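Here are the chains, one letter per residue:
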Amino acid sequence: MEIDYKKNNGLVPAIIQDAETDKVLMLGYMNEEALKVTIDTKQVTFFSRTKQRLWTKGEESGNVLHLIDIKLDCDNDTLLIKVNPHGPVCHKGSDTCWNEDNTQSFGFLSNLESVIENRKNNASKDTSYVASLFAKGINKIAQKVGEEAVEVVIEAKDSDDTLFLDESADLLFHYMILLQAKGFKLNDVVEVLKNREK
């Protein structure tokens, strides 16, 4: 890596990102020596502008950042460092320096999961399809997933891609409802898949 240390008095910003959740955890600064120590030890080390010395994250708290990957930006003056964090990252005890939970997010699907949960807990079964399914119980929800799965199989054998995708969306939607009816979330299924990968 050809890093340009000249722009900021021998330092470059280092954006720290969780390698698994993609959540940005913190921002620190590195000089050439801090980067070398990070690469050699596989524990993220910064140059502390306050202490004017190298500082390995977690040297006092034990909440270290294990190095997974380093990327250099297009201007050669900012690092993106992917890590596996052990413990809270912020010195104030939160997962990130922005006081966010470092949890897996699946973008739109996580938002949909929240909507389903909200409808389950707060909506009227008379005005919400989701609430009405929860009111009918697990058997009805499971039956609906089975019906949607059969429809996906039927459409997979045809050549109408629009119908196939529509039925696939219905299946995924109802499966997410079933997960919550059983007390689970998408992340629980993802964890099972990750464990199978090992």
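Structure: above.
Residues numbered from 1 in each chain as written. Predicted model: local features only at pLDDT ≥ 70, side-chain atom pairs only at ≥ 80, totals over all residues. Heavy atoms only, no water.

1. Quick notes on the layout of surface pockets
Under the convention used in this document: For each structure, a 1 Å grid was placed over the protein atoms alone; sets of points admitting a 1.4 Å probe that cannot get out are labelled cavities, open sets with protein on both sides within 12 Å along at least five of seven lines are labelled pockets, and lining residues have an atom within 4 Å of a point. Grid points are joined across faces, edges and corners, and a volume is the space filled by probe spheres set on the points. The secondary structure listing takes helices from DSSP runs of H or I that are at least 4 residues long and strands from runs of E that are at least 2 residues long, numbered from the N terminus. When residue character is reported, Ala, Val, Leu, Ile, Met, Phe, Trp, Tyr, Cys and Pro are called nonpolar, Asp, Glu, Lys and Arg charged, and the others, Gly included, polar.
Approximately 420 Å³ is the volume found for the largest pocket. Taken together, 22 residues line the largest pocket, and the ones lying closest to its centre are M26, F46, W55, K57 and H91. Looking at the lining of the largest pocket, the elements with two or more residues in it are β2 (24-30), β3 (45-48) and β4 (53-56). The greatest single-element share of the lining of the largest pocket, amounting to four residues, is contributed by β2. Among the residues making up the lining of the largest pocket, the classes are represented as nine nonpolar, eight polar and five charged.

2. Quick notes on the side chain of H174
This is how it is decided: Counted as a polar contact is a pair of N or O atoms within 3.5 Å, where, for protein atoms, one must be capable of donating a hydrogen and the other of accepting one, and residues adjacent in sequence contribute only when both atoms are in side chains.
Note that H174 resides in helix α5 (residues 161-181). At 2.8 Å, the side chain of H174 and the side chain of Y129 are in polar contact. Here the side chain of H174 touches D170 through a polar contact of 2.7 Å, landing on its backbone oxygen.

3. Section: the pairing of β4
Stated precisely, the cut-off is as follows: A pair of strands is treated as paired once DSSP finds two or more bridges between them.
In terms of strand pairing, β3 meets β4 through four bridges, oriented antiparallel. Among the inter-strand pairings, F46 is bridged to a residue of β4, identified as W55. Taking the residues that link successive antiparallel strands as the turn, the β3-β4 hairpin has four residues, and the phi of Q52 there is positive, at about 55°.

4. Looking at a nonpolar patch on the surface
Condition: Here a patch means residues that are over 30% exposed by relative accessible area and free of salt bridges, tied together within 9 Å if like-charged and within 5 Å if nonpolar (Val, Leu, Ile, Met, Phe, Trp, Tyr). A 1.4 Å probe and the Shrake-Rupley method give the accessible areas. Residues count as covered only by the protein chains that appear here. What counts as a salt bridge is simple: a side-chain nitrogen of Lys or Arg found within 4 Å of a carboxyl oxygen of Asp or Glu.
Residues I15, V24, L27 and W98 make up a contiguous nonpolar surface patch of about 340 Å² in total accessible area. Note on placement: L27 falls in strand β2.

5. A look at the nonpolar core
Basically, it comes down to this: Side-chain atoms within 4.5 Å link the members of a nonpolar core, which is a set of buried Ala, Val, Leu, Ile, Met, Phe, Trp, Tyr and Cys residues. For the exposure calls, accessible area comes from a 1.4 Å probe over protein chains only, and a residue counts as buried if that area is under 20% of its type's maximum, exposed if over 50%, partly exposed in between.
Counting residues in hydrophobic clusters, the biggest one holds 19 residues, and the most contacted among them are I16, M30, V44, L79 and I81. At the level of elements, β1 (12-18), β2, α1 (32-41), β5 (65-72) and β6 (79-85) are the ones that each hand at least two residues to this core. One finds I141, M176, L178 and L186 within the second-largest nonpolar core, a separate group that totals 12 residues.

6. A short note on helix α3 (residues 129-136)
Applicable threshold: We call two residues in contact when some of their heavy atoms are within 4.5 Å.
Residues of α3 that are buried include every one of V130, A131, S132, L133 and F134, and no others. Among the structural elements, α2 (108-122), α4 (138-156) and α5 are those in contact with the buried residues of α3. By the N-cap criterion, in which a side-chain oxygen at the helix start approaches the backbone nitrogen of a residue two or three places on, α3 is capped by S128, the distance to V130 being 3.4 Å. A positive backbone phi angle near 100° is found at G137, which sits one or two residues after α3.

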